[in-house]
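# Descriptive analysis of the structure
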Amino acid sequence: MASSKSSNEVQMGAQGRLVIPARLRKALNLKPGDRLVARQVGDSLVLERREAIEKRLWAMFSHIPKEVSLVDELIAERRAEARREDVE
């Protein structure tokens, strides 16, 4: 894999360990002890900070008014479904 500004080739070591190249650690301001979330996206491995995930989730649901409770809506929907099941 050719090196570019946003990618570097890394080799998996013993026990599945990867070393994030210094240039990427510096660019992403990663420090020893930082915790990253690993997830699979298709055939790719994505590492990201928990804060980035939280920010993305808040953005996904930002269109929902603050006075709306998704929990209350889910409970109401489940109760209505349970009532329909009892009738059948």
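Just so it is clear, the model here is predicted, and its values are computed rather than measured. (Residues numbered from 1 in each chain as written. Predicted model: local features only at pLDDT ≥ 70, side-chain atom pairs only at ≥ 80, totals over all residues. Heavy atoms only, no water.)

## Focus on the environment of Arg-17
Locating Arg-17 in the fold gives a position in the segment before helix 1 (22–27). With 15 residues separating them along the chain, Arg-17 and Pro-32 place their C-alpha atoms 15 Å apart. Contact partners of Arg-17, with chain neighbours within four places excluded, come to Gln-11 and Met-12. A distance of 2.9 Å separates a polar atom in the side chain of Arg-17 from a polar atom in the side chain of Gln-15. (Helix = DSSP H or I, 4+ residues; strand = E, 2+ residues; numbered from the N terminus. Contact = heavy atoms within 4.5 Å. Polar contact = N/O pair within 3.5 Å; in protein donor to acceptor, adjacent residues only side chain to side chain.)

## What about unusual backbone geometry?
Here Gln-15, not a glycine, exhibits a phi torsion of approximately 60°, which is positive. When you line up the elements, Gln-15 lands in the segment before helix 1. The exposed category is assigned to Gln-15, whose relative accessible area is 69%. At Asn-29, a position not held by glycine, the phi torsion is positive, near 55°. Its place among the elements puts Asn-29 in the loop between helix 1 and strand 1 (36–41). A residue is classified by how much of its surface remains accessible, and Asn-29, at 46% relative accessible area, is partly exposed. (Buried < 20%, exposed > 50% of the residue type's maximum accessible area, 1.4 Å probe, protein only.)

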